[in-house]
Each structure stands twice: as structure tokens, then as C-alpha cells.
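Next come the chains, spelled out residue by residue.
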Amino acid sequence: MPEPKPIGNAGELSSAPCYTVADVPPGAPIVRGKLIWFRDRSSGRPLVGIKVERCHRCRKKHQYLWKWSWGIDPAAMSYQAGMCRVEGVAPCWVGLDPDQAAASEAAYRESHEAFEAWKPGHDAAMAERAERKAARTAQEPATTETTPTPAPPPAIEPQAPSPPPPPPRPATVPGLMWGPPAWPKEARR
Ligand SMILES: [Zn+2]
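For the structure given in this document, a descriptive report is provided here. (Residues numbered from 1 in each chain as written. Predicted model: local features only at pLDDT ≥ 70, side-chain atom pairs only at ≥ 80, totals over all residues. Heavy atoms only, no water.)

With respect to the packing of aromatic side chains
Formally: Pairing of aromatic side chains requires ring centres within 6.5 Å, counting the rings of Phe and Tyr and the six-membered ring of Trp. Pairs whose planes differ by under 30 degrees are stacked, by over 60 edge-to-face, and all others tilted. Burial classes: relative accessible area under 20% of the type maximum marks a residue as buried, over 50% as exposed, and values in between as partly exposed (1.4 Å probe, protein chains only).
Following the criterion strictly, the structure yields five aromatic pairs and no others. With a centroid separation of 5.0 Å and 85° between ring planes, the pair formed by W66 and W70 is classed as edge-to-face. Residue W66 shares its accessibility class with W70, and that shared class is buried. Aromatic ring contacts, followed pair by pair, group Y19, Y79 and W93 into a single cluster.

Structure follows, in C-alpha cells:
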């Protein structure tokens, strides 16, 4: 087996593999706890984790990551960043405690029910958001495409006839170069 990469945070959980006890190197300690479930603070999505009430190394509480799809078989193993300060933060193998199977089973079932109840509302909200985004992106190119193209022609055309007809000046003043007054008349013919 290739050297496993420990999960460092919840963001890495979705792509993390689930191992089995057979993958755990001989002699490597396994941290075991019970399955718990809670909600993601921002999305409300039910999530599961493994709670270790009393760590056998540091005697403190720890909570490790877990995926619902990994199930509750105590043979399932996850390799994660360590939580024990006393022994540094060395990665460790995490799994479910068979002695707390009843609590894990209850959390497993409850979290699934909560997920089934949460999903339709979440899906509807996501679909609505996608629709709004699609509507926005459909409008954006339309406005940017139409404005530049028709804009230049009206800007130029009114200017061509706009030079006011030169005032009829008596061409009696010699020395004054009133050439321009002559050509509009010719152009009109
Ligand atoms: Zn510990």
C-alpha cells in the first residue's frame, strides 16, 4: 500500500479514502470512539464525526472526521492528523469503538434521517440560486453586445449634417478667406 496521506481538515474529507484495519501498519495505535452527528454551521447540512471521550494517550476529548458513506463497521479506518498534544500532532488511525456500537448506530440512523429532511430544501435553494445566476449571465452579454454596436453610428451621423450652414456673408470683404461659405451651396446641388 502506498504511504497514506493523513486528512488534515474537513475540506480534504470528500476525496479521502476509507481504509480497513488490514491497511494499518502492525503496531500502529488506533484511536477509537463513537459516531456523533451535528450540523454544518453555515449550510445546516448534517455531518458525522467520531468522538473520543477519553483519549488513551492524553486523556482528553477529541473529535475526528468521518464520512457517513464509510459506515459504522469497526473495521473501517481513517488516517487523520493527530489531536494529541502530549505526543505531538503525529497522524493517527481512527475508527469506531465496537463497545459503543449502539450509540454509533443511533447517530448513523438519525444523521441519515436529518440529511433526508434537509436535502430537498437545500436542493431547491441551490436550484433557485443557479437559476438566478443563469438569468444574470444571460442579461450581461446582451447589454454589453448591443450598446457598443449601435452607439457609434448615431454618434457620427448627426455630426455630418450638423455643421451649421455658414452665415451668408457678403463676399465683399477682400482679404478675408471665406472659402467655406462657398462649398455648402455647391454641395447642395
Ligand atoms: Zn489524545
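Having seen the structure, we can now continue with the description.
Describing the pairing of strand β2 (residues 30-39)
Successive side chains on a regular strand alternate, one facing one side of the sheet and the next facing the other. Put simply, the rule is: Strands qualify as paired when DSSP identifies two bridges or more between them. Secondary structure elements follow DSSP: runs of H or I of four or more residues count as helices, runs of E of two or more count as strands, with numbering from the N terminus.
Here four bridges tie β2 to strand β7 (residues 92-96), and the two strands are oriented parallel to one another. Its bridge partner lying in β7, R32 is registered against G95. Adjacent in sequence and paired antiparallel, β2 and strand β3 (residues 46-52) are bridged by six residues, among which G44 carries a positive phi angle near 80°.

Comments concerning the coordination of the zinc ion
Our working rule: Sodium, potassium and calcium take a 3.2 Å donor cutoff, other metals 2.8 Å, and in both cases only N, O and S atoms count; water is not among them, so sites may look incomplete. Working rule for geometry: tetrahedral if four donors all subtend angles between 85 and 135 degrees; square planar for four, octahedral for six, if opposite donors exceed 155 degrees and the others stay between 65 and 115; irregular in every other situation.
Around the zinc ion, the protein contributes the donor atoms C55 (SG), C58 (SG), H62 (NE2) and C84 (SG), at 2.1 to 2.3 Å from the metal centre. The site at the zinc ion holds four donor atoms, and with the angles between them running 91 to 130°, its shape is tetrahedral. Binding-site remark: the zinc ion is held by donors from one chain whose sequence spacing is C-x2-C-x3-H-x21-C. In this pair, the class of C58 matches that of H62, namely buried.

Considering the pattern of salt bridges
Applicable threshold: What counts as a salt bridge is simple: a side-chain nitrogen of Lys or Arg found within 4 Å of a carboxyl oxygen of Asp or Glu.
Taken as a whole, this structure holds four salt bridges when the rule is applied. With a closest N to O distance of 4.0 Å, K34 and E53 form a salt bridge. Here E53 lies in the loop between β3 and β4 (62-65) and K34 lies in strand β2, a separation of 19 residues in the sequence. Judged by relative accessible area, which is 22%, K34 ranks as partly exposed. Exposure remark for E53: the relative accessible area of 39% places this residue in the partly exposed category. Two residues, E128 and R132, come together in a salt bridge whose shortest N-O distance is 3.0 Å. Taken together, the residues span about one helical turn, with E128 and R132 both in helix α1 (residues 101-146) at a distance of four residues. Taking the relative accessible area as the measure of exposure, E128 reaches 47% and is therefore partly exposed.

Section: the nonpolar core
Keep this limit in mind: In plain words, nonpolar cores are sets of buried Ala, Val, Leu, Ile, Met, Phe, Trp, Tyr and Cys residues tied together by side-chain atoms within 4.5 Å. Between two residues, a contact is recorded if the distance between any of their heavy atoms is within 4.5 Å.
If you look at the biggest cluster of nonpolar residues, it comprises 19 residues, and the most contacted ones within it are L35, I50, V52, Y64, W66 and W70. Among the secondary structure elements, those contributing two or more residues to this core are β2, β3 and β7. Residues in contact with I50, not counting those within four places in the same chain, are G33, K34, I36, H62, Q63, Y64, W66, V94, G95 and L96. Of all hydrophobic cores here, the second largest spans five residues; its members include Y19, V24, M77 and Y79.

Here we look at unusual backbone geometry
The backbone phi angle of R59 is positive, close to 65°, even though this residue is not glycine. By the secondary structure assignment, R59 is in the loop between β3 and β4. With a relative accessible area of 52%, R59 lands in the exposed category.

Describing the pairing of strand β5 (residues 76-80)
Judged by how many residues are buried, β5 sits mostly within the fold: five of five residues are covered. Burial along β5 is two-sided: the face carrying A76, S78 and Q80 and the face carrying M77 and Y79 are both buried. Direction of pairing for strand β1 (residues 19-20) relative to β5: antiparallel, over a ladder of two bridges. Following the sheet pairing, Y19 is matched in β5 by M77. Pairing between β5 and β7: three bridges, direction antiparallel. Paired with Y79 across the bridge in β7 is W93.

Regarding the environment of L35
Position of L35 among the secondary structure elements: in strand β2. A residue is classified by how much of its surface remains accessible, and L35, at 2% relative accessible area, is buried. In this structure, the C-alpha to C-alpha distance between L35 and D97, residues 62 residues apart in sequence, is 8.7 Å.

Purely spatial values, then, with no claim about function.
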